[in-house]
Amino acid sequence: MLEVKQVSKLYGNDRGVHNIDFSMQRGEIVGFLGPNGAGKTTTMRMITGYLNPTHGGIWVDGHSMADNPKKARRKIGYLPETPPLYPEMTVQSYLRFIANLRDVPAREQKLRVGEAIDKLGLQGREKQIIRSLSKGYKQRLGLAQAILHQPDLLILDEPTSGLDPKQIIEIRQLIHELGENHTVLLSTHILPEINAICNRVLIINQGRVVLDERPEHLGRTMGETFEVSLEVKGPRERILTELRSLPSVGQVKEVDAPEAGKAAPPALAIESLEFPESAKSTDVTDEAADAPAVVLSSAAAAPFESVKLLVTAADRAEDIREAVFFRLASAGLPILAMKRESLSLEDIFLKLTTDEPADTSSIDQEEGDTDA
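- For the chain, an unreviewed UniProt entry supplies the name Multidrug ABC transporter ATP-binding protein and the organism Paenibacillus oryzisoli.
- Quoted verbatim from the Sequence similarities (unreviewed entry) field of UniProt, the annotation for the chain is "Belongs to the ABC transporter superfamily."

Rendered as structure tokens:
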């Protein structure tokens, strides 16, 4: 659906983006991430035809943005960070105006406008002046104009920026629904939004793509070691021994272990029941006579409590969960909780976008010579 091949954009002596190279398949929702100034907006403006790349090419559904820009643009719906609205128009008149701009056939305009209004939840606001809409409804209207001509590719730049939590949830749900019939490139600074909506992550830093991967494969791509957090019920030393004897386990670390030098308080248990001599006396009540004296002892063991552990694989990529489960189950040590620990998208984003920039001076000089 979209091919971006070795695209660069230069602003005088400054580089906007350098050799951006990626593609999108029909039906994908791709999250486009990067810090401020990384080149996201420049890239999206080149994809939509607002800017021409200095080098490289862009194809939308097989149509070159350089050779057939009109055909390529007809395939694209674009929502910039600030929706392109006319505040003095009504919702309905604005959408009809956009339909004319998008060359929607006159006989289809009423149907298309009605479908967009229904899909974006704008019913009952058709006659409302746009300036009087809330920010959430303005975003909905911005999405409506982007899909009015039934494009195959949607480019959305910060579609939930400035919205309240309820509006964010509503817009996310709308984007997810739009993804059923459209290919979506979504730029956002809200990282949980990527996990909630997208099936692929594209991270750009200093004008270069530094990561292109599916969310579930991010840890493996970053060379993350396989770790599992466990809560197991049973004797602490026996649990540690069983886990450390597994060849696939590299390290076992206790979580919230007792402080060194501090012994746990002894558990109290009933050792015996003895009837006191006073039970034979006629001066005590029947209840007192029947009540046994309780002799407590600290020698008996208390019921086992759970132990929390972090278990690391010997081979950093190996999934050790099945081996750990069967070993502890065979030892009669019940697992109360097991969870794979992995790097969050926030951790990966910070790692990839806070590294020192690569030295591109030689490349810049070479391209400068070519341009000259």
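Don't stop here, the text continues.
**Overview of the sheet that holds strand β3 (residues 29-33)**
Hydrogen bonds along the backbone pair up the strands of a sheet, which may run parallel or antiparallel.
Then comes step 1: The strand order across the open sheet formed by six strands is β6-β7-β8-β3-β9-β10, and the pairing between neighbours is mixed. One side of each edge strand has no neighbouring strand; the edge strands of this open sheet are β6 (76-79) and β10 (208-213). Strand-to-strand twist in this sheet, taken as the mean axis angle between neighbours without regard to direction, amounts to 15 degrees.
Then comes step 2: The sheet contact formed by β6 and strand β7 (residues 153-157) spans four bridges and is parallel.

**Some thoughts on the environment of L10**
Then comes step 1: Its location among the elements puts L10 in strand β1 (residues 2-11).
Then comes step 2: Taking the relative accessible area as the measure of exposure, L10 reaches 19% and is therefore buried.

**What about the packing of aromatic side chains?**
Then comes step 1: Taken as a whole and judged by the stated rule, the model has five aromatic pairs.
Then comes step 2: Their ring planes at 55 degrees and their centres at 5.5 Å tell us that Y50 and Y78 sit as a pair that is tilted. Note that Y50 is positioned in the loop between α1 (40-47) and β4 (55-60) and Y78 in strand β6, a separation of 28 residues in sequence.
Then comes step 3: In this structure Y50 comes out as exposed when scored by relative accessible area, which is 59%.
Then comes step 4: Y78 gets classed as buried once you look at its relative accessible area, which sits at 9%.
Then comes step 5: Considering the side-chain rings of Y86 and F97, the 5.6 Å spacing of their centres and the 90 degrees angle between planes classify their relative orientation as edge-to-face. Of this pair, Y86 sits in the loop between β6 and α3 (91-101) while F97 is found in helix α3, placing the two residues eleven residues apart along the sequence.
Then comes step 6: Directly above the aromatic system of Y11 lies the positively charged group of K9, at a separation of 5.7 Å from the ring centroid.
Then comes step 7: Stacked on the ring of Y137, the Lys or Arg R125 has its end atom at 3.9 Å from the ring centre.

**Concerning the pattern of salt bridges**
Then comes step 1: Applying the stated rule across the entire model yields 15 salt bridges.
Then comes step 2: Residue R74 is joined to D103 by a salt bridge in which the shortest nitrogen-to-oxygen separation is 3.7 Å. With R74 in helix α2 (residues 69-74) and D103 in the loop between α3 and α4 (106-119), this pair connects stretches of sequence that are 29 residues apart.
Then comes step 3: Here E170 makes a salt bridge to R140, at a shortest N to O gap of 3.0 Å. With a gap of 30 residues between them, E170 in helix α6 (residues 165-178) and R140 in helix α5 (residues 135-147) connect regions that are remote in the sequence.
Then comes step 4: For R140, a relative accessible area of 11% translates into the label buried.
Then comes step 5: Several salt bridges converge on common partners, so that one network encompasses R26, D61, K75 and D152.

So, how was this worked out
Residues numbered from 1 in each chain as written. Predicted model: local features only at pLDDT ≥ 70, side-chain atom pairs only at ≥ 80, totals over all residues. Heavy atoms only, no water. UniProt positions renumbered as here; feature names shortened; annotations may be inferred. Pairing = 2+ DSSP bridges. Helix = DSSP H or I, 4+ residues; strand = E, 2+ residues; numbered from the N terminus. Axes fitted to C-alpha atoms, helices over the stretch in contact; angles between N-to-C directions. Buried < 20%, exposed > 50% of the residue type's maximum accessible area, 1.4 Å probe, protein only. Phe/Tyr/Trp six-rings, centres within 6.5 Å; stacked < 30°, edge-to-face > 60°. Lys NZ or Arg CZ within 6 Å of the ring centre and 35° of its normal. Salt bridge = Lys/Arg side-chain N within 4 Å of Asp/Glu carboxyl O.

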